[in-house]
Amino acid sequence: MNIPYDVIVVGARVAGSALAYELSRFGYSVLLLDRSSFPSDTLSTHNFFNNSIAMLREMGVLDKLLATGTPTYRRAKLTTGHAVIDGEFPEANGETACMSIRRKHLDGILFEHAAAQPGVDALQGFRVTELLKEGDAVRGVVGTHRDGRVERFAARFVVGADGRRSAVRDLAGSRCEIRVPTDYASYVGYFTGFRQSGERHVEMYKTDDTIVIAFPTSDGQYVVGVMFPLMRKAWIDAMKETPEESFRAAVDAGLAHTDFPARLREALLAEPIRGLLGYDNDWHTGMGDGWALVGDALLFKDPAVGQGLHDALYGARALAATLASVAKESWAARWGEMAARYEGAMKSKLTGLFHLGCKFSRLSPVTTEEEAVNGLIGSDPQATRTFLGLYNYTSGPEDIEREVGRLLAARSIS
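Keep in mind that this is a model prediction, so the values were computed, not measured.

Novice: Explanation requested: the pattern of salt bridges in the structure shown.
Specialist: If the charged atoms of two oppositely charged side chains come close together, the side chains can form a pair. By the definition in use, this model includes 34 salt bridges. A salt bridge links Glu95 to Arg57, with the nearest nitrogen and oxygen atoms 2.5 Å apart. Placement of Glu95 in the loop between strand S6 (83-88) and strand S7 (98-100) and of Arg57 in helix H2 (residues 50-59) is noted, with a sequence separation of 38 residues between them. Residue classification places Arg57 among the partly exposed residues on the basis of a relative accessible area of 45%. In this structure, the salt-bridge partner of Glu271 is Arg102, at a minimum N-O distance of 3.0 Å. You can see Glu271 sitting in the loop between strand S17 (268-269) and strand S18 (274-277) and its partner Arg102 sitting in the loop between S7 and helix H4 (103-115), a full 169 residues away along the chain. Exposure remark for Arg102: the relative accessible area of 0% places this residue in the buried category. One salt-bridge network, held together by shared partners, links Glu22, Arg25, Glu58 and Arg317.

Rendered as structure tokens:
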């Protein structure tokens, strides 16, 4: 079989475009494919914490992203029951700013940047329908252009970066290793005129049965998400009939003890409400003979933790480095070794926050202990910074435990 490309990347949004860029740096020939055209929007979180901002700067796209007028922020306010943790994210890789950029800006910029790299060919409007195989080994793709033409492309390696409903994953036969269904329905709205006190920041709320998040985003808007239990069928039906009214009512009901509903009532809905009725936190086998997965195709976790875009960038780097660790002529013979290296890197880095996402997905009341611990953390600036460091990987669960122990010890002494 003639092999014109080293790697075909199926899916050209964040994970796919980042991977094409990273592969180009190693000198590989890459075909980057997507069924959509850019710029275009997609239902997604759009947040980069400051550790991810560092990666965007290193890729050479940060200035273009900032040129969209999307604001940055440094502060987060997390409310669990009545306990509040309010502070700034700790510096990560020399960066202090975070950004939540609309996908209609982000994806197009990343795609154009990837397509401009040496060795990268990019094709929009191409839907993959089959994988070319030699025995069990994947060696390319078959798909259709928008005009109905069928075309085949061969490569040494094929990567599925095509989202949480990945066609490549299904065609390659990747196994789901972890699956934790959510208990929540999730809805998103974009609002103008949303008021906050103090400097611009992220707000996150968790009550016994409601989660609400608000991020400053592009176009002078805030993206507000509300999650409530799937078992509330009447609420879901109401969202279909009167989406804005029902969205606001869900926020009112969940956060009546805060000033958030009143501030949201002052804001104007800028775009139609969009929703996701149930989803799985899932993690799939990441690599096989001639194929791999990256981004949401590999793992998807609850959007409330805001980590999907970071995982896409990190996974692109990890996969490119894994392929570069073995001569491309030997990929077919050493894919098992590469799979262990790639999957090991992903699990080592992302397992902790994946399980945090699974925890957010389960309907559970805010316990007295949880509220007390968060209140204790929120009372201390050092503990607050350490807690917020969970989101940009500057700290881990063991660091939180140490801080709580320190504060409890100080209380017992006093």
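Picking up after the structure, the text goes on.
Novice: What is the right way to read H2 from this model?
Specialist: Buried residues dominate H2, accounting for eight of its ten residues. Burial in H2 covers these residues: Asn50, Asn51, Ser52, Ile53, Ala54, Met55, Leu56 and Met59. At its buried positions, H2 is contacted by helix H1 (14-25), strand S3 (47-48), helix H3 (62-66), S7, H4 and helix H9 (308-324). Immediately beyond the C-terminal end of H2, within one or two residues, lies Gly60, with a positive phi of roughly 90 degrees.

Novice: For this particular structure, what's the right way to read the environment of Asp380?
Specialist: With respect to the helices, strands and loops of the structure, Asp380 is situated in the loop between helix H11 (368-378) and helix H12 (381-388). Sequence separation of Asp380 and Ser52 is 328 residues, and the distance between their C-alpha atoms is 26 Å. Dropping the residues within four chain positions of it, Asp380 is found in contact with Glu403, Arg406 and Leu407.

Novice: Please explain the sheet that holds strand S12 (residues 176-181) as it appears in this structure.
Specialist: What holds strands together in a sheet is hydrogen bonding between their backbones, with the strands either parallel or antiparallel. The strand order S12-S19-S22 describes an open sheet built from three strands, whose pairing is antiparallel. In the strand order of this sheet, the two ends are held by S12 and strand S22 (299-300), each with one partner. In the sheet, strand S19 (residues 280-284) pairs with S22 via two bridges, with the strands oriented antiparallel. Looking at the pairing, Trp283 lines up with Leu299 of S22. On top of the sheet, helix H10 (residues 335-361) reaches S12, S19 and S22; it is set at about 160 degrees to S19, its chief contact.

Calculation rules
Residues numbered from 1 in each chain as written. Predicted model: local features only at pLDDT ≥ 70, side-chain atom pairs only at ≥ 80, totals over all residues. Heavy atoms only, no water. Salt bridge = Lys/Arg side-chain N within 4 Å of Asp/Glu carboxyl O. Helix = DSSP H or I, 4+ residues; strand = E, 2+ residues; numbered from the N terminus. Buried < 20%, exposed > 50% of the residue type's maximum accessible area, 1.4 Å probe, protein only. Contact = heavy atoms within 4.5 Å. Pairing = 2+ DSSP bridges. Axes fitted to C-alpha atoms, helices over the stretch in contact; angles between N-to-C directions.

That's the geometry; what it means functionally is another story.
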